[in-house]
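Each chain is listed here by its residues.
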Amino acid sequence: MPVRALDVVAGARPNFVKVAPVLRALAAASVPARLVHTGQHYDVSMSDVFFSQLAIPEPDVHLGVGSGPHGAQTARVLEAFERHLAGVEGGSGGVVVVGDVNSTMACALAAVKLGVPVAHVEAGLRSFDRTMPEEINRVVTDAVADLLLVSEPAGERNLRAEGVPPSRVRYVGNVMIDTLVHELEAARALPLPAEVRDGPYVYVTLHRPSNVDEPGRLAEMVAFLRRVAERAAVVFPLHPRTRARLEGSGLLGRLGEGGRVLLSDPFAYRESLRLISGARLVLTDSGGIQEETSYLGVPCLTLRPNTERPVTVEMGTNTVVGSDLLLAERLAGEALEGRSRRGQPIPGWDGRAAERVVDELRRAWLGAPGV
Ligand code: UD1
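Let us look at the structure shown here. (Residues numbered from 1 in each chain as written. Predicted model: local features only at pLDDT ≥ 70, side-chain atom pairs only at ≥ 80, totals over all residues. Heavy atoms only, no water.)

### Remarks on the layout of surface pockets
Size it by volume and the largest pocket reaches roughly 1200 Å³. Surrounding the largest pocket, 49 residues form its lining, Arg13, His41, Met46, His207 and His239 being those nearest its centre. Put simply, the parts of the chain that give the lining of the largest pocket at least two residues each are α1 (13-28), α2 (44-53), α3 (70-87), α5 (133-144), β8 (201-205), α10 (240-248), α12 (269-278) and α13 (288-296). If you add up the space inside the second largest pocket, you get close to 160 Å³. Surrounding the second largest pocket, Asp129, Thr131, Met132, Pro133, Glu134, Arg208, Pro209, Ser210, Arg304, Pro305 and Asn306 form its lining. Listing elements by their share of the lining of the second largest pocket, those giving two or more residues are α5 and α8 (209-212). (1 Å grid on protein atoms, 1.4 Å probe; cavity = no way out; pocket = protein on both sides within 12 Å on 5 of 7 lines; lining within 4 Å. Points joined across faces, edges and corners; volume = space filled by probe spheres on them. Helix = DSSP H or I, 4+ residues; strand = E, 2+ residues; numbered from the N terminus.)

Have a look at this one:
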């Protein structure tokens, strides 16, 4: 009987970086797979450039769900993905979801309800903060998925504490680092923007609702970034949500005043990696960038009260500063003077995690012999 193709799901920007190596490893192992793009992110700068730069094949299926409130967006993915799975001739061989975005949870739910097995790549991460939509997505996805593929030690600990049987859990490492390893040389060959070529600079990304949706908090952030910019140039690519909030509150002009904060549209993957790898310091509320800076040995201050990626604090270069922007300013000063931890290698963050993902999928679903 021919092997039934797997469905690999990608919906939003961080997903694209994670599915790229998984699709490559599936192709190398001759495992048939379909790529399903939910369309949660749809702009050229949030989606298309990732496909072209990371050589991700054209999606076989595009669900075209777009933006919306959480319930509506999740519901649209659930409905459209269920319809897709139900229409696959002979049935799907299994669904692979990555990360923690709304599309991840919705596709996992649709699949298990149809009796299709689900593997979750980057399982077990927990911020223990249920005000974060991503935390709900993680908890729900792990509760229903059959195979939980873990990227860092905390993932195994959290799943064990939740009573998940060890037979469902495998430590495979971090597929996002696979993409970083694959792209680093090409990224480093890119020129830096002229404004930051001659001195240390700080790279900033912010998009979490907790930082950008509340006007008071956003104004504090802008004042903080202006103070940092007195010490070093700041590069700040704006996520669409962040740009909309800055424009809506009249703070965009204030941030750009004086020209020390270089504002831009979101960067493509390589441009972003180029800037992260050359930065003296990164300020972020992203999850993935905490991991990338840890791998690269670049100091990172996380502007959130918690992290679901504690290994980046324990072994990497990350410090979680919460909402204390005075602490953040002091630590930023130290980093700009070169006084920061370097970090150490993290198990399974080696550029080969996707190969281990595929080994596990073959064993679990395709009858390949175990080790
Ligand atoms: C989503 C993920 C988050 C991830 C982030 C990375 C969830 C719950 N959140 O957050 O985990 O870190 O992506 O980018 O899934 N928009 C555009 N163009 C786009 C996409 C979005 O203009 O291509 C605008 C929409 O108008 C929307 C806003 O950005 O209102 C937010 O998009 P959304 O997908 O709801 O969540 P993100 O904040 O991007």
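That covers the picture; the talk isn't over yet.
### A closer look at the pattern of salt bridges
A complete count under the given rule lists 29 salt bridges for this structure. The salt bridge involving Arg138 is made with Asp100; its shortest N-O contact spans 2.9 Å. With a gap of 38 residues between them, Arg138 in helix α5 and Asp100 in the loop between β4 (95-98) and α4 (102-113) connect regions that are remote in the sequence. What makes Arg138 buried here is its relative accessible area of 3%. Measuring nitrogen to oxygen at the nearest pair gives 3.6 Å for the salt bridge that ties Arg243 to Glu247. Residue Arg243 and its partner Glu247 are both found in helix α10; the two are separated by four residues, about one turn of the helix. Judged by relative accessible area, Arg243 falls into the partly exposed class, the value being 24%. Exposure remark for Glu247: the relative accessible area of 47% places this residue in the partly exposed category. (Salt bridge = Lys/Arg side-chain N within 4 Å of Asp/Glu carboxyl O. Buried < 20%, exposed > 50% of the residue type's maximum accessible area, 1.4 Å probe, protein only.)

### Observations regarding empty space enclosed by the protein
Scanning the model with the defined rule gives one cavity of 30 Å³ or more in all. Looking at the largest cavity, its volume works out to about 40 Å³. Around the largest cavity, the lining residues are Val121, Glu122, Leu149, Val150, Ser151, Val172, Gly173, Asn174 and Val175. Among the elements of the structure, β5 (118-123) and β6 (147-150) are those that each provide at least two residues to the lining of the largest cavity. The class makeup of the residues in the lining of the largest cavity is five nonpolar, three polar and one charged. (Nonpolar A, V, L, I, M, F, W, Y, C, P; charged D, E, K, R; others polar.)

### A few points about the site of the ligand
Taken together, the neighbourhood of the ligand is formed by 21 residues, with Gln40, His41, Asn102, Glu134 and His239 sitting nearest. Within the side chain of Asp43, one N or O atom sits 2.9 Å away from a nitrogen atom of the ligand. At 2.8 Å from an oxygen atom of the ligand is found a side-chain nitrogen or oxygen belonging to His239. Protein contact buries 84% of the 750 Å² of open area that the ligand shows by itself. With respect to the pocket detection grid, the ligand is positioned in the largest pocket. Every element with two or more residues in the shell around the ligand is listed here: α1, α3, α5 and α10. Looking at which element gives the most residues to the shell around the ligand, the answer is α5, with three residues. Residues of the shell around the ligand, tallied by class, amount to six nonpolar, nine polar and six charged. (Near = heavy atom within 4 Å. Polar contact = N/O pair within 3.5 Å; in protein donor to acceptor, adjacent residues only side chain to side chain. Areas by Shrake-Rupley, 256 points an atom, 1.4 Å probe, with all protein chains shown as cover. Sits in = over half its atoms within 2 Å of the grid points.)

### Side note on α5
Helix length check: α5, at 12 residues, gives a terminal C-alpha distance of 17 Å against a target of 16 Å (1.5 Å per residue), a fit within 8%. Restricting attention to buried positions, one finds in α5 the residues Glu134, Glu135, Asn137, Arg138, Val139, Thr141 and Asp142. Elements that come into contact with the buried residues of α5 comprise β4, α4, β5, β6 and α6 (153-161). (Expected span 1.5 Å × (residues − 1). Contact = heavy atoms within 4.5 Å.)

### Looking at the environment of Gly248
Along the chain, Gly248 falls in helix α10. For Gly248 and Leu85, which are 163 residues apart along the polypeptide, the C-alpha to C-alpha distance reads 40 Å.

### What about α13?
Of all nine residues in α13, eight are buried, a share of seventy percent or more. Where α13 is concerned, the buried positions are Gly288, Ile289, Gln290, Glu291, Glu292, Thr293, Ser294 and Leu296. Looking one or two residues past α13, Gly297 carries a phi angle of roughly 75°, positive in sign.

### Considering the sheet that holds strand β12 (residues 300-302)
Here six strands make up an open sheet; going across it, the order is β10-β9-β8-β11-β12-β13 and the pairing parallel. For this open sheet the edge positions go to β10 (261-264) and β13 (318-320), each flanked by a neighbour on one side alone. Adjacent strand axes in the sheet meet at a mean angle of 20°, parallel and antiparallel pairs treated alike. For strand β9 (residues 233-237) and β10, the ladder comprises four bridges, and the chain directions are parallel. Each bridged residue has a counterpart across the sheet, and for Val235 the counterpart in β10 is Leu262. (Pairing = 2+ DSSP bridges. Axes fitted to C-alpha atoms, helices over the stretch in contact; angles between N-to-C directions.)

### Re the environment of Leu275
If you trace the backbone, Leu275 turns up in helix α12. Taking the C-alpha atoms as reference points, Leu275 and Ala119, 156 residues apart in sequence, are found 33 Å from one another. The contact partners of Leu275, leaving out residues within four places of it in the chain, are Leu192, Pro193, Val196, Tyr201, Tyr203, Val235 and Phe267.

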